[in-house]
Amino acid sequence: MKASARAGGADIIDLGMGNPDLPTPQSIVDKLCEVVQDPRTHRYSSSKGIPGLRRAQAAYYARRFGVKLNPDTQVVATLGSKEGFANMAQAITAPGDVILCPNPTYPIHAFGFLMAGGVIRSMSVEPDESFFPPLERAVRHSIPKPLALILNYPSNPTALVATLDFYKDVVAFAKKHDIIVLSDLAYSEIYFDGAPPPSVLEVPGAMDVTVEFTSMSKTFSMPGWRMGFAVGNERLIAALTRVKSYLDYGAFTPIQVAATHALNGDGSDIAEVRNVYKRRRDVMVESFGKAGFDVPPPAATMFAWAKIPEKFRHLGSLEFSKLLVEKADVAVAPGIGFGEMGDDYVRLALVENEHRIRQAARNIKRWLSGDEKFEINVMNQ
């Protein structure tokens, strides 16, 4: 629908895909250009990541989370966190294995395991006391017993953030029931209001059962570079490394060297990206609220998770999203795409500048203020 509308001349403001519009910091680009001139870097690279890159990731975890990692056995570079998640599913899943997965959640969390023959049991996404009773029921009533539990905080799409106390309870549960914890921490650095999200690996003993995935896509505005990491339990990292050794030769070496340069930087690039998203978040919350479309301020991520306005909620998220494209020239991600529990919501990505976000709000306001007749017609069809 977006492509068709644009082909017809419409100026679609695209808040749908979480595709960062900010340029990769110049120093990272310069490092890539420097290294790519060396023909030795044009050969096959290292599937698990060059040693300097793995050391840089281990150093990042030590600085940011106080977590000590062995770069040789507890760190593997991935082609983005998405690839890492999918290949971890291939590494550990047998047909029929039960995976505990939040709903709504980023699609690869479920589909990586479904494609590997696993079975998904949906869980709550709220990181509070309501999270655990369904887990206990799942352990009692699933045959076979669940293999793994997926975490994603800060959450895509809901932007929920977990506390270290919550992670302590998760690790205790996982160790009690011999369940693997797979944590997607792709948005660890996109947080607002001065509260850095923790890593589950900060919990004593978490390393016994946990692998955590991170990505440079959002943190350094490097989505097309496809660079991420899996870190944690040595046995699980070894399994992922073996699967990857059959499937790929790793990212292009100049990209790995540039990523190493980024991770070893002073953090100023990360802070600037964070500040841009915070300004956009504040503009979206304010302008959409004035337009009659309430958007709760996300504490982290580059997304807002907003409930569909009451008078359109009966349509569901897909039909409402279609109306936004057709009537307001605004594209969003329908919540149903993240699981059936997301169908009352849409996800809005902070991937347009502040002027364009305000324009989206004006378009929506014009539509909402003059669309009573249209809504009745839809309801009568």
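Note that the coordinates shown come from a computational prediction; the quantities given were computed from them, not determined experimentally.

1. Some points on the side chain of Ser188
Along the chain, Ser188 falls in the loop between strand E6 (180–184) and strand E7 (210–215). Side-chain polar atoms of Ser188 contact the side chain of Tyr60, separated by 3.3 Å. Not counting residues up to four positions away in its chain, the partners in contact with Ser188 are Tyr60, Arg64, Phe65, Pro154 and Pro197.

2. Describing the layout of surface pockets
In this structure, the largest pocket encloses a volume near 470 Å³. Forming the walls of the largest pocket are 23 residues, and the residues nearest its centre are Met17, Gly18, Lys82, Tyr106 and Lys218. For the lining of the largest pocket, the element with the highest residue contribution is helix H4 (residues 80–92), accounting for 3 residues. Looking at which domains feed residues into the lining of the largest pocket, each of domain 1 (1–18 + 269–369) and domain 2 (43–264) gives three or more. The space that makes up the second largest pocket amounts to roughly 340 Å³. Around the second largest pocket, the lining comprises 24 residues; the ones closest to its centre are Tyr60, Phe220, Ala262, Leu263 and Ile270. Here the residues of the lining of the second largest pocket sort into 8 nonpolar, 10 polar and 6 charged.

3. Concerning the domain arrangement of the protein chain
The extent of an interface is frequently quoted as the accessible surface area lost upon association of the parts. The domain architecture assigned to the protein chain consists of domain 1 (1–18 + 269–369) and domain 2 (43–264). In this complex, domain 1 contributes 22 residues to the contact, which on the side of domain 2 involves 23 residues. With both chains or domains summed, domain 1 and domain 2 bury close to 2000 Å², and 65% of this area falls on carbon and sulfur atoms. For Arg281, the salt bridge goes to Asp193, with nearest N and O atoms at 3.2 Å. Those elements giving two or more residues to the side of domain 1 that touches domain 2 turn out to be helix H10 (268–290) and strand E9 (303–307). Ranked by the residues each element gives to the side of domain 1 that touches domain 2, the list is headed by H10, at 7 residues.

4. Thoughts on the environment of Ser217
With respect to the element layout, Ser217 can be found in the loop between E7 and strand E8 (228–232). At a separation of 3.3 Å, a polar atom in the side chain of Ser217 contacts the side chain of Arg226.

5. Examining the packing of helix H2 (residues 26–36) against helix H9 (residues 253–263)
As a packed pair, H2 and H9 sit with axes 8 Å apart at the nearest point and diverge in direction by 145 degrees. Here H2 runs over H9; the crossing is right-handed. Of H9, the residues touching H2 (which contributes Ser27, Ile28, Lys31, Leu32, Val35 and Val36) are Pro254, Ile255, Val257, Ala258, His261 and Ala262. The residue makeup of the contact of H2 with H9, split by class, is 9 nonpolar, 2 polar and 1 charged.

6. Remarks on helix H8 (residues 234–247)
Over its 14 residues, H8 extends 20 Å from the first C-alpha to the last, a length consistent with the 20 Å expected when each residue adds 1.5 Å. Among the residues making up H8, those that are buried are Leu236, Ile237, Leu240, Thr241, Val243 and Lys244. One side of H8 carries all its buried residues, which in axial view fall inside an arc of 165 degrees. Seen from the buried face of H8, the exposed residues on the opposite side, beyond 90 degrees, are Arg235, Arg242 and Tyr246. Packed against the buried residues of H8 are strand E2 (75–78), H4, E6, E7 and E8. Measuring from the side-chain oxygen of the N-cap residue of H8 to the backbone nitrogen of Arg235 gives 3.1 Å; that N-cap residue is Asn233.

7. Overview of the pattern of salt bridges
As enumerated under the stated definition, the model contains 22 salt bridges in all. Salt-bridge contacts for Lys322 lead to Glu319; the nearest nitrogen and oxygen are separated by 3.3 Å. Taken as a pair, Lys322 and Glu319 lie in helix H11 (residues 317–328) at a separation of 3 residues, close to a single helical turn. What makes Lys322 partly exposed here is its relative accessible area of 31%. In this structure, the salt-bridge partner of Lys327 is Glu326, at a minimum N-O distance of 3.9 Å. Residue classification places Lys327 among the partly exposed positions, given a relative accessible area of 35%. Put simply, Asp193, Lys278, Arg281 and Asp282 are held in one network by salt bridges that share partners.

8. Regarding the sheet that holds E8
With mixed pairing, the 7 strands of this open sheet are ordered in space as E2-E8-E7-E6-E5-E3-E4. Each of the sheet's edge strands pairs with one partner strand only, and the pair in question is E2 and strand E4 (119–123). Taken over all neighbouring pairs, the strand axes of this sheet differ in orientation by 20 degrees on average, direction set aside. Across 5 bridges, the pairing between E7 and E8 is antiparallel. When the bridges of E8 are listed, Thr214 appears paired with Phe229.

9. Topic: unusual backbone geometry
Following Ile143, the chain continues to Pro144 via a peptide bond in cis, the omega torsion being 0 degrees. Note on placement: Pro144 falls in the loop between helix H6 (132–141) and strand E5 (148–152). A cis amide bond links Asn156 with the next residue in sequence, Pro157, at an omega value of 25 degrees. Considering the arrangement of structural elements, one finds Pro157 in the loop between E5 and helix H7 (164–177). Within the chain, Asp178 stands out as a residue other than glycine whose phi angle is a positive 55 degrees.

Thresholds applied
- Residues numbered from 1 in each chain as written.
- Predicted model: local features only at pLDDT ≥ 70, side-chain atom pairs only at ≥ 80, totals over all residues.
- Heavy atoms only, no water.
- Helix = DSSP H or I, 4+ residues; strand = E, 2+ residues; numbered from the N terminus.
- Polar contact = N/O pair within 3.5 Å; in protein donor to acceptor, adjacent residues only side chain to side chain.
- Contact = heavy atoms within 4.5 Å.
- 1 Å grid on protein atoms, 1.4 Å probe; cavity = no way out; pocket = protein on both sides within 12 Å on 5 of 7 lines; lining within 4 Å.
- Points joined across faces, edges and corners; volume = space filled by probe spheres on them.
- Domains from an automatic or database assignment.
- Nonpolar A, V, L, I, M, F, W, Y, C, P; charged D, E, K, R; others polar.
- Buried area = accessible area lost by both parts, 1.4 Å probe.
- Salt bridge = Lys/Arg side-chain N within 4 Å of Asp/Glu carboxyl O.
- Axes fitted to C-alpha atoms, helices over the stretch in contact; angles between N-to-C directions.
- Left-handed = near helix turned anticlockwise from the far one by under 90°.
- Expected span 1.5 Å × (residues − 1).
- Buried < 20%, exposed > 50% of the residue type's maximum accessible area, 1.4 Å probe, protein only.
- Arc of directions from axis to C-beta.
- Pairing = 2+ DSSP bridges.

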